Amino acid sequence: MKQDLYAIYSIWLREMLRFFRLKSRVFGSVAMPFFFLAFMGVGFGSGTSMPGIPSGVGYVSFLTPGIIGMTLLFSATFAGLSVLWDREFGFLKEIMVAPVSRIAIVLGRTAGGLTTGILQAVIILICGIFLGMKMPSLAGFLLSLVFMVLIAATFIGLGLAFASKMKDMSGFSLIMNFLIFPLFFLSGALFPLERFPGLLRNLAYMNPLTYGVDGLRYSLIGTSAISPVVDLAVLAVCCAAMLFLGAYFFENTEVK
Amino acid sequence: MNNITSEIGRMDGPQLGQAKNEAAISMQGLTKRFGDMTAVDHVDLEINKGELFGLLGANGAGKSTIIKMLTTMLTPTEGEARVWGHNVTQERNAVRSSIGVVFQDPAVDGMLTGRENLDFHGRMYGMDGPLRQKRIDEVLELVDLVEKADIKMEDYSGGMQRRLEIARGLMHYPHVLFLDEPTLGLDAQTRRYLWQYIHNMNKTNGVTIVLTTHYMEEADALCDRVAIIDNGKIVALDTPENLKDMIGSDFVILEIQSGAEALIQYLQPFSWIKSASIINGTVELKVDHAQQRIPEIMQVANECSAVITSVGLHKPTLEDVFLKYTGRKIREAGGTANSLVAMMHRRKR
């Protein structure tokens, strides 16, 4: 037990060292969401309001929780998929041969991914406030942190599950283009769900990120399309399922 | 090669032939298949505590796969194996606690310093702060990397990286240390240093060591016992001496100006002469323990007035043993392309 706690800390610490050692990575990781937020916020922000957005809510306010969701989606999936890098560069063997439970390894990685993901999300939140989003209340901010943790953990689990089944990096762009981007666009991060035609809207309701973004909107700007209780419940179930799935596949991965 | 043998001092195998409580490692019918390909084929083997054991074979012979099963990285398709008394499929964590592993390909985090890599390792093995610091300093000293400890490992040379990995494998006092091709792609000088380390770890600290290699001289210089692996099977298993003895006797090759026939006639009666023949004007004698017989041969030559202009001695090497058991030379068997790729792989990191 003590050894497992050490292992979780050790793996988390390594993620931190790696993350902060590469300044370009810290920078690069928030650059894309920032550009989305800045350019779309400015582009759509002025002029007529978008149908589906409650009156009185500016587009930047509407968009910021969506972009926070996007930041978490990308950083968390990458954190899960980083097992692939470790496989590629051999370090996975050093981790797997250690006498610690596999669940501790998964928890250490999850802790690392959560920390870096939420850090980036908070940076984006601050950017959003600078760009014109209304300052959230403290309670709202704390609730948003809960949603951030659930979103990040869900997609870390997803990334981990994929990474455990993949032998090398060749499938990486497939995952990017056919999983991550559709999840992002089908989450209502950029525009209200009701603008989707029926089929797409049903797909969006099967996307855990939809509930995450909606929950973030509720906590940060006080509007939501779905009940926040439903958001929380659906997301919690998805999170548990994905983490279990990720841990299960990781447990059974072989290191050649 | 003979130099290093005497330099290191051939193992006198305190464990060899002695009764011991339990083997460090035992395998029964150990098998691994990848699809249709059988990488390891029903291997039975026992490795004793305190032994420095070598798995010798060409690339792709199945050595690394055996190591990976023993270190819980791969699950055997069939058969079973125990490491330090623990079953490799049912008691994985107990196995993992007993062993240190240096893998064939680098397994370090290049973005961390050497010290940070060791620190990570120590925590993963449950070592607390003071013990960890003490061991880090000790093993860095052991592999002579104290000054390089705080630079990022991506800036290490291949040899330095290897040494750090060996240090790391030893850090948590493993009972058994696995070294998968420890000197692959390293220059001659670094290899000799590593041989020294490996030898000392085994003889001084009593760590049981299992290494794989496709370098004959490495197996010969270091190992107490050697198993030759070919196509996933053990084809020969013994001490390097005994393996070489099985090949047969030494050859003494004599360049002779005159009196060759007479010399052979004089020599034939001696019991230690296994055979004698003249090939292209040189005399080839098959002799046991040839070094000790050369003076006698000289004496006989004097008596029969044969004029010898030069003396050559050929002792069987493990290369000859490998050739005998596999029908191929190890370099041919391995396909140099593979080792080259592995080398470049290592350098890239």
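Every chain is numbered independently, its residues counted from 1 as its sequence is written. Both sets of labels track the order of writing: A upward for chains, 1 upward for ligands. A pLDDT threshold of at least 70 governs which residues receive local features in this predicted model, and a stricter bar of 80 or more applies before side-chain atom pairs are shown or counted, although totals over entire chains, interfaces and linings include all residues.

K.L.:
What is the right way to read the overall build of chain A from this model?
P.N.:
Starting at the N terminus, helices and strands are each numbered in turn, a helix being any DSSP run of H or I of at least four residues and a strand any DSSP run of E of at least two. Within chain A, the secondary structure is distributed over 10 helices and 0 strands. Listed N to C, the secondary structure of chain A is α-α-α-α-α-α-α-α-α-α in terms of helices and strands. We compute the radius of gyration from the C-alpha atoms alone; for a globule the expected value is 2.2 Å times N to the 0.38, where N is the number of residues. Relative to the 2.2 N^0.38 estimate, which gives 18 Å for 256 residues, the radius of gyration of chain A is 18 Å and therefore close to what a compact globule would have. In terms of overall dimensions, chain A has C-alpha extents of about 60 × 40 × 35 Å along its principal axes. Looking at chain A as a whole, 46% of its 256 residues are labelled buried. Restricting to contacts in chain A with at least 6 residues of sequence separation, those with at least 24 account for 81%. Residue burial is a threshold on neighbouring C-beta atoms within 10 Å of the residue's own C-beta, all placed from the backbone, with 20 or more meaning buried, 12 or fewer meaning exposed, and counts in between meaning partly exposed. Distance between backbone-placed C-beta atoms decides contact: two residues are in contact if it is within 7 Å.

K.L.:
Looking at this structure, I do not really get the overall build of chain B. What am I missing?
P.N.:
What chain B contains, in helices and strands, is 14 helices and 14 strands. Contacts in chain B between residues far apart in sequence, at least 24 positions, make up 71% of those at least 6 positions apart.

K.L.:
Any chance you could explain the interface of chain B and chain A here in plain terms?
P.N.:
Interface size is often expressed as the accessible area that is lost when the parts come together. Across the boundary between the two partners, chain B contributes 24 residues, which contact 22 residues of chain A. Elements represented by at least two residues in the side of chain B that touches chain A include exactly helix H3 (92-98) and helix H4 (114-124) of chain B. Side-chain classes follow a simple rule in which Ala, Val, Leu, Ile, Met, Phe, Trp, Tyr, Cys and Pro form the nonpolar group, Asp, Glu, Lys and Arg form the charged group, and the remainder, Gly included, forms the polar group. Here the side of chain B that touches chain A is composed, by residue class, of 12 nonpolar, 6 polar and 6 charged.

K.L.:
Looking at this structure, how should I read unusual backbone geometry?
P.N.:
Residues and elements named next belong to chain B. Look at Trp84: it is not a glycine, yet its phi comes out positive at around 50 degrees. Relative to the elements of secondary structure, Trp84 occurs in the loop between strand E4 (78-83) and strand E5 (86-87). A count of 19 C-beta atoms within 10 Å places Trp84 in the partly exposed class. The backbone of Ser305 sits at a positive phi, close to 55 degrees, despite the residue not being glycine. As for its position among the elements, Ser305 is in the loop between helix H11 (290-303) and strand E14 (307-314). Looking at Ser305, the number of C-beta atoms within 10 Å reads 10, which means it is exposed.

K.L.:
I keep staring at the packing of helix H2 (residues 23-45) of chain A against helix H3 (residues 59-88) of chain A and nothing clicks. Help me out?
P.N.:
Each pair of packed helices can be described by the angle between their axes along with the distance between the axes. Residues and elements named next belong to chain A. Convention adopted: a line fitted to C-alpha atoms gives each axis, helices being fitted over their contacting stretch, and angles between N-to-C directions are expressed from 0 to 180 degrees. Two elements in contact, H2 and H3, have axes whose closest approach is 10 Å; the angle formed by their N-to-C orientations is 160 degrees. In terms of orientation, H2 lies roughly antiparallel with respect to H3. In the packing of H2 onto H3, the handedness of the crossing is right-handed. Counted together, Ser29, Pro33, Phe36, Leu37, Met40, Gly41, Phe44 and Gly45 of H2 and Tyr59, Val60, Leu63, Thr64, Ile67, Met70, Thr71 and Ser75 of H3 form the full contact between these two elements. The cut-offs work like this: below 35 degrees is roughly parallel, past 145 is roughly antiparallel, 65 to 115 is roughly perpendicular, and the gaps in between are oblique. Note: crossing handedness is left-handed where the near helix turns anticlockwise from the far helix by less than a right angle, and right-handed where it turns clockwise.

K.L.:
How should I be thinking about the sheet that holds strand E11 (residues 250-258) of chain B in this particular structure?
P.N.:
Through backbone hydrogen bonds, the strands of a sheet pair up, either in parallel or in antiparallel fashion. Residue and element names in this part refer to chain B. The 4 strands lie next to each other as E12-E13-E11-E14, forming an open sheet whose pairing is antiparallel. The sheet is open, and its two borders are formed by strand E12 (273-279) and E14, each paired with just one other strand. With direction set aside, neighbouring strand axes in the sheet form an average angle of 20 degrees. Of the strands in this sheet, E11, E12 and strand E13 (282-287) are in contact with helix H10 (residues 260-267), which crosses E12 at around 170 degrees. Whether two strands pair comes down to DSSP finding at least two bridges between them.

K.L.:
What is the right way to look at helix H7 (residues 172-185) of chain A in this model?
P.N.:
Spacing of three or four residues puts side chains on the same side of an α-helix, whose turn is 3.6 residues. All names here are of chain A. Take the number of residues in a helix, subtract one, and multiply by 1.5 Å to get its expected span. The end-to-end C-alpha separation of H7 is 19 Å, in line with the 20 Å expected for 14 residues at 1.5 Å each. Every buried residue of H7 is listed here: Ile180, Leu183 and Phe184. On the buried face of H7, the contacting elements are H3 and helix H9 (208-221).

K.L.:
Even after reading the chapter, I still don't get the nonpolar core, so can you show me in this structure?
P.N.:
Across soluble globular proteins, nonpolar side chains have a tendency to be buried as a group. Structurally, a nonpolar core is described as a collection of buried Ala, Val, Leu, Ile, Met, Phe, Trp, Tyr and Cys residues joined by way of C-beta atoms within 7 Å. By size, the foremost hydrophobic cluster in this structure holds 143 residues, and its most contacted members are Leu73(A), Ala152(A), Phe178(B) and Ile209(B). What Leu73(A) contacts, discounting residues up to four positions off in sequence, is Phe155(A), Ile180(A), Leu183(A), Phe184(A) and Leu209(A). Counting residues in hydrophobic clusters, the runner-up holds 14 residues, among them Val252(B), Ile256(B), Ala260(B) and Ile273(B).

K.L.:
So what exactly am I meant to see when it comes to the environment of Arg135(B) here?
P.N.:
All names here are of chain B. Topologically, Arg135 is positioned in helix H5 (residues 129-142). Residue classification places Arg135 among the buried positions, given that 20 C-beta atoms sit within 10 Å. In this structure the C-alpha to C-alpha distance between Arg135 and Tyr173, which are 38 residues apart in sequence, comes to 9.3 Å. In this view, Arg135 contacts Gly122, Met127 and Met171; residues no more than four positions away in its chain are not counted.

K.L.:
What is the right way to look at the environment of Leu164(B) in this model?
P.N.:
Residue and element names in this part refer to chain B. Tracing the backbone shows Leu164 in helix H6 (residues 158-170). Each C-alpha atom, one on Leu164 and one on Thr38, is 33 Å from the other, the two residues being 126 residues apart in sequence. Setting aside anything within four residues of it in sequence, one finds Leu164 in contact with Val108, Gly114, Asn117, Val143, Leu145 and Tyr156.

K.L.:
How should the sheet that holds strand E3 (residues 52-56) of chain B be read in this particular structure?
P.N.:
Residue and element names in this part refer to chain B. Sheet architecture is open: 6 strands sit in the order E6-E7-E8-E3-E9-E10, paired in mixed fashion. In this open sheet, the two edge strands, each paired with only one partner strand, are strand E6 (99-102) and strand E10 (233-238). Strand-to-strand twist of the sheet, defined as the mean angle between neighbouring strand axes without regard to direction, takes the value 15 degrees. As defined by bridge partners, strand E7 (residues 176-180) adjoins strand E8 (residues 208-213) across 5 bridges and the pair is classed as parallel. Bridge pairing in E8 places Leu177 opposite Ile209. Packed onto the sheet, helix H7 (residues 188-205) meets E3, E7 and E8 and runs at close to 150 degrees relative to E8.

K.L.:
How do you make sense of H11(B) when you look at a structure like this?
P.N.:
Residues and elements named next belong to chain B. Between the first and last C-alpha of H11 there are 20 Å, a value that for 14 residues agrees with the 20 Å anticipated at 1.5 Å per step. The set of residues buried in H11 consists of Ala290, Arg293, Ile297 and Ala301. Of the surrounding elements, those touching the buried residues of H11 are E11, H10, E13 and E14. A positive backbone phi angle near 55 degrees is found at Ser305, which sits one or two residues after H11.

K.L.:
Quick question: what am I supposed to make of the pairing of E11(B) here?
P.N.:
Side-chain positions along a regular strand alternate between the two faces of the sheet. Examined bridge by bridge, E11(B) and E13(B) share 6 bridges and lie antiparallel to one another. Of the residues in E13(B), the one forming a bridge with Leu254(B) is Val283(B).

K.L.:
Just checking my understanding: could you explain the pairing of E10(B) for this structure?
P.N.:
Residue and element names in this part refer to chain B. Looking at chain direction, strand E9 (residues 225-230) and E10 are connected through 5 bridges and run antiparallel. Bridging across to E10, Asp230 finds its partner in Lys233. Where E9 folds back on E10, the antiparallel hairpin that results is connected by 2 residues, among which Asn231 adopts a positive phi of roughly 50 degrees.

K.L.:
Just checking my understanding: could you explain the packing of helix H1 (residues 2-21) of chain A against helix H5 (residues 102-130) of chain A for this structure?
P.N.:
Residues and elements named next belong to chain A. Here H1 crosses H5 at 35 degrees, and the two axes come no closer than 8 Å. Judged by the twist between their axes, the crossing of H1 over H5 is right-handed. Within the contact between the two elements, H1 uses Asp4, Ala7, Ile8, Ser10, Ile11, Trp12, Glu15, Met16 and Phe19 and H5 uses Ala104, Ile105, Leu107, Gly108, Arg109, Ala111, Gly112, Thr115 and Thr116. Classifying every residue of the contact of H1 with H5 gives 10 nonpolar, 5 polar and 3 charged.

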